[in-house]
2 protein chains.
Amino acid sequence: MSAAEAALLIEDGMTVGISGFGGAGDAKAVPLALVERARQHPLKIDLVTGASLGRGLDGLMSEAGLLARRMPFQGDPVLRRAINEGQVMFVDQHLSELIEQIRHGQLKAPDVAVIEAVAITEQGHIVPTSSVGNSASFAAFARQVIVELNLACSPHMEGLHDIYIPETRPDRAPIPLVRPDDRIGAPAIAIDPAKIAAIVICDTPETALPILPPDEETQAIADHLIAFFEQEVEAGRLGASLAPLQVGVGSIANAVMHGLVDAPFNNLVQYSEVLQDSTFALFDAGKLLFASGCSITLSGECGQRVFGNLEKYKDRLVLRPQEISNHPEVARRLGVIGINTALEFDIYGNVNSTHVGGTRMMNGIGGSGDFARSAHLSIFVTKSIAKGGAISSVVPMAGHVDHTEHDVDILVTEQGLADLRGLAPRERARVVIDNCVHPDYRSALNAYFEAACARGGHTPHLIERALEWHINLARHGQMLAR
Amino acid sequence: MSAAEAALLIEDGMTVGISGFGGAGDAKAVPLALVERARQHPLKIDLVTGASLGRGLDGLMSEAGLLARRMPFQGDPVLRRAINEGQVMFVDQHLSELIEQIRHGQLKAPDVAVIEAVAITEQGHIVPTSSVGNSASFAAFARQVIVELNLACSPHMEGLHDIYIPETRPDRAPIPLVRPDDRIGAPAIAIDPAKIAAIVICDTPETALPILPPDEETQAIADHLIAFFEQEVEAGRLGASLAPLQVGVGSIANAVMHGLVDAPFNNLVQYSEVLQDSTFALFDAGKLLFASGCSITLSGECGQRVFGNLEKYKDRLVLRPQEISNHPEVARRLGVIGINTALEFDIYGNVNSTHVGGTRMMNGIGGSGDFARSAHLSIFVTKSIAKGGAISSVVPMAGHVDHTEHDVDILVTEQGLADLRGLAPRERARVVIDNCVHPDYRSALNAYFEAACARGGHTPHLIERALEWHINLARHGQMLAR
């Protein structure tokens, strides 16, 4: 069927599940055809995906007025604007939880699922491409499935995936994964072939992820973290292979992971969500034994190298449904080291991953909470300042909290590392201010903290000034008057 | 050994692990002897427990200057004051996580553990009393163990417990618990008998928990919740036995649970932390099949009835280590309905469980996060106003966040119930204001929300006024001028 014909299966008011996670493995042809159609004949859908879509799809759909509701994540500047203007209802969710809520009837299941595939097996099972995300469950729960066979994908992708879906409760068994390289499921998505309403052929290369190269600050963050890991190994709290590593999406986390290429740790293992360039740099450096994820999202150069030579990496890789890659049960059992990017954090270690100025959505919490809540070590990294110094990433009180003090162990900026384990709030503030804050903001934070302590409280605050920096930013474009 | 002699095993600067959870099963003699000693000869310890201690022990230890550091929970007015004055460093932790951090060397293991027991078996194993809490792991990790044999405890307690301890990572197996009534461990705490440094005999009855009777507001909260459960059953999202119930500690949650006595649900099962009077009211009403917890904390009358007739209830009860009763792996597998008490929440569904006015610690997060993060339904209940109406429990922005919007499904006050599932922040605010807010505060919250929406943002706020109600409270003793 043509993409335009297949798109006609999608009706106004439907919930549509589209494959895609971190800009990898997203259905490419049918969503564009849907955009074309919406430009002619207005229609609205609720869109659910794995995570963000590539190729500006979210923006195009938003501009075409197609999106009534969007979950569980996005990362598109055009859609972001529509969300912040209240035009699209965005539900910002833990990435491991969307499917759990659909499975148990708490969210509407997709009417139609659109799944990118590299093949359909002789049994009629769907082989996904560079991400699994929520595709397997979308296909299982949707009434109709549109398969996009993308000829541009490497046929070697077959065999890369491990599809395991937890049972509907009650009577759910433990997830049998006890090592990051365990395969516990099937290599393809098994569905009733009668549900496949359309097969659309396309030949569209994967989106390349724009990834910023490491810079002085990200290198400094990596160095602080590596020095910390060395201390942990020396103290016997970590082995020389550390623990299964989870690394968040984006340039800072990717650069930190790159830093491990030159670090004295070997036989590393990754149990993560998105596998980025750094995973393959570590493979090529002989540092990494195995990587488990739900998506492979690469820059242009790295994408050609990896997908052009997939058989070289394939036996050291597995892609799982995001429900499994991000499952708190597994993260806690394995004892992952979770390294995620903060937008801002406060002196007490509450982390904001999502909101600028306390109100404006950036991308969403993504998988950071899935890991941070259950990790052996929950680490958040960020540069200490943003916008040329107008913004301090460390503030008296976070303007929005995505990860509470209870779930945050280690904070790192280019200035240094704060180890918050076992500390009370007053002690946490001391190490955060001394280690993480940019010098331009240190005396102001010290003054705030000391005045707050004089007033008292377990978590001392001058409540009337707690959000002053955010107010300044909104009014004057900078957190502190200079 | 006498309690005073045993207390001499505890030296200045030590970390001491004392049994006790929710005022149940706490060591009673040695801590008091330690208080006596500290009054004569100053000494400081770091105190770790299961959760709160009974009999005012935390307050007595605090007044004697004994506590340098306290974790993971407390509920004592005297200690609370010392914490808020910065005299005791309190580390407010998820109750399932303290032991994980000790096991992996991230927190110091107890030098000495003091464990209340009803018996020591022929093998030298310790049989705990009315709570397990962290006792099994304290005994395993401490260098020395003091056993307090409490003759006042019912000998029928033997056989009540199920001691299962997860392996040290890596190479940890799944927790094999798949039904709330599964027994997966041993009936007593197995340790090397050579570590038992003292056995102290005492004969001290358990603390009775002061529990407020249900009132009009708690009855209304229960009614709203029961009506909601009925809808969920009708929609096929819950069966007539609902799902394993977790209910937080305290009068409101207990009263809500009591409400189920007259509700049209049968064959209920509890997978909870503290079992309170309501558990036994439901047993006696023939509504409850089984209850799993880590502690039994009862009022005086109910305590006599239950512990005086323990054989009547015993085959329908199990007490587990709090690491298992509260384990996110198990809570998510079973799909518990988590009902916990909020101190305040904001219009977007961020919940504060711990801090008054954004700064002053009440008790601690306790197990609420363990459950809320992984529950099938994460429900928070509170009365809509406090202090005779000076305080609204629903505010524009929470002064402290313990449970983020991502982890909160349902909010209930005596005014009504807000179902937040699948809603974006602007939609959440609408249902919270319409359903949960006290009429005295509704128009002010509406005005705030509408002005914030006009300004924009995914989570609209007037950032310069977001904490105004907390500032008013601090300055004028009430959130809104009347």
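Residues numbered from 1 in each chain as written. Chains lettered and ligands numbered in written order. Predicted model: local features only at pLDDT ≥ 70, side-chain atom pairs only at ≥ 80, totals over all residues. Heavy atoms only, no water.

With that settled, consider the domain arrangement of chain A. All names here are of chain A. Parsing chain A into structural domains produces domain 1 (3-202) and domain 2 (216-476). When each unit is reduced to the centre of its C-alpha atoms, the spacing between domain 1 and domain 2 is 28 Å. In this assembly, 48 residues from domain 1 lie in contact with 44 residues from domain 2. Between domain 1 and domain 2, roughly 3,700 Å² of surface is buried when both sides are summed, and carbon and sulfur atoms account for 57% of that area. Between the two partners, domain 1 and domain 2, sit 3 salt bridges. E323 serves as the salt-bridge partner of R103, at 2.7 Å between the closest nitrogen and oxygen. Every element with two or more residues in the side of domain 1 that touches domain 2 is listed here: α4 (77-84) and α5 (98-103). Residue composition of the side of domain 1 that touches domain 2, grouped by class: 19 nonpolar, 18 polar and 11 charged. (Domains from an automatic or database assignment. Contact = heavy atoms within 4.5 Å. Buried area = accessible area lost by both parts, 1.4 Å probe. Salt bridge = Lys/Arg side-chain N within 4 Å of Asp/Glu carboxyl O. Helix = DSSP H or I, 4+ residues; strand = E, 2+ residues; numbered from the N terminus. Nonpolar A, V, L, I, M, F, W, Y, C, P; charged D, E, K, R; others polar.)

Turning next to the environment of L9(B). With respect to the helices and strands, L9(B) occurs in the loop between α1 (3-7) and β1 (15-18). Residues in contact with L9(B), not counting those within four places in the same chain, are M14(B), V112(B), Q144(B), I146(B), A197(B) and A198(B).

Our focus in this paragraph is the UniProt feature "active site" (unreviewed entry) in chain A. Residues and elements named next belong to chain A. UniProt records the feature "active site" (unreviewed entry) at E273, using the numbering of this structure. With respect to the secondary-structure elements, E273 resides in the loop between β10 (268-271) and β11 (274-275). For E273, the contacting residues outside a window of four places in its chain are F21, L95, V249, G293, C294, S295, S325, N326, G366, G367 and F371. (UniProt positions renumbered as here; feature names shortened; annotations may be inferred.)

Turning our attention to the pairing of β10(A). Regular strands have side chains that alternate between both faces of the sheet. Residue and element names in this part refer to chain A. Neither face of β10 is left uncovered, since the one carrying L268 and Q270 and the one carrying V269 and Y271 both have all their residues buried. Of the pairings in the sheet, the one linking β10 to strand β12 (residues 288-293) comprises 4 bridges and is parallel in character. Its bridge partner being in β12, Y271 is matched across the sheet by S292. (Buried < 20%, exposed > 50% of the residue type's maximum accessible area, 1.4 Å probe, protein only. Pairing = 2+ DSSP bridges.)

What follows covers the pattern of salt bridges. Under the criterion given, the structure shown has 62 salt bridges over all chains. Of the charged contacts, one joins R172(A) and E100(A) as a salt bridge, the two residues approaching to 2.6 Å between their closest N and O atoms. Of this pair, R172(A) sits in the loop between β7 (144-150) and β8 (196-202) while E100(A) sits in helix α5; the two residues are 72 residues apart in sequence, bridging distant segments of the chain. Given a relative accessible area of 4%, R172(A) falls into the buried group. Among the ionic contacts, a cluster of salt bridges with common partners joins E100(A), R103(A), R169(A), R172(A), E323(A) and R332(B).

All right, on to the sheet that holds strand β17 (residues 351-352) of chain A then. Pairing between sheet strands relies on hydrogen bonds along the backbone, with the strands arranged either parallel or antiparallel. Taken in spatial order, the 3 strands line up as β17-β16-β23 (chain A) in an open sheet, and their pairing is mixed. One side of each edge strand has no neighbouring strand; the edge strands of this open sheet are β17 and β23 (394-395) of chain A.

All right, on to helix α8 (residues 251-259) of chain B then. Among the 9 residues in α8(B), 7 count as buried, and that is most of the element. The inward-facing, buried residues of α8(B) contact α7 (216-234), β9 (245-247), β10 (268-271), α9 (277-284), β15 (337-341) and β20 (377-381) of chain B.

Quick look at the pairing of strand β25 (residues 416-419) of chain B now. Residues and elements named next belong to chain B. Bridging between strand β24 (residues 410-413) and β25 involves 4 bridges; their strand directions are antiparallel. Note on β25: the bridge partner recorded for I410 is D419. In textbook terms, the turn of a hairpin is the stretch between consecutive antiparallel strands, and for β24 and β25 this stretch comprises 2 residues.

Moving on to the environment of M257(B). Residue and element names in this part refer to chain B. If you trace the backbone, M257 turns up in helix α8. Of the residues examined, M257 reaches a relative accessible area of 1% and is grouped as buried. The spatial distance from the C-alpha of M257 to the C-alpha of I226 is 9.9 Å, given a sequence separation of 31 residues. The residues contacting M257, other than those within four sequence positions of it, are L245, V247, Q270, S278 and L282.

The next point concerns a nonpolar patch on the surface. A cluster of nonpolar residues, L151(A), I199(A) and I201(A), forms a patch on the protein surface that exposes about 280 Å² of accessible area. Note that I199(A) resides in strand β8. (Patch = residues over 30% accessible without salt bridge, like charges linked within 9 Å, V, L, I, M, F, W, Y side chains within 5 Å. Areas by Shrake-Rupley, 256 points an atom, 1.4 Å probe, with all protein chains shown as cover.)

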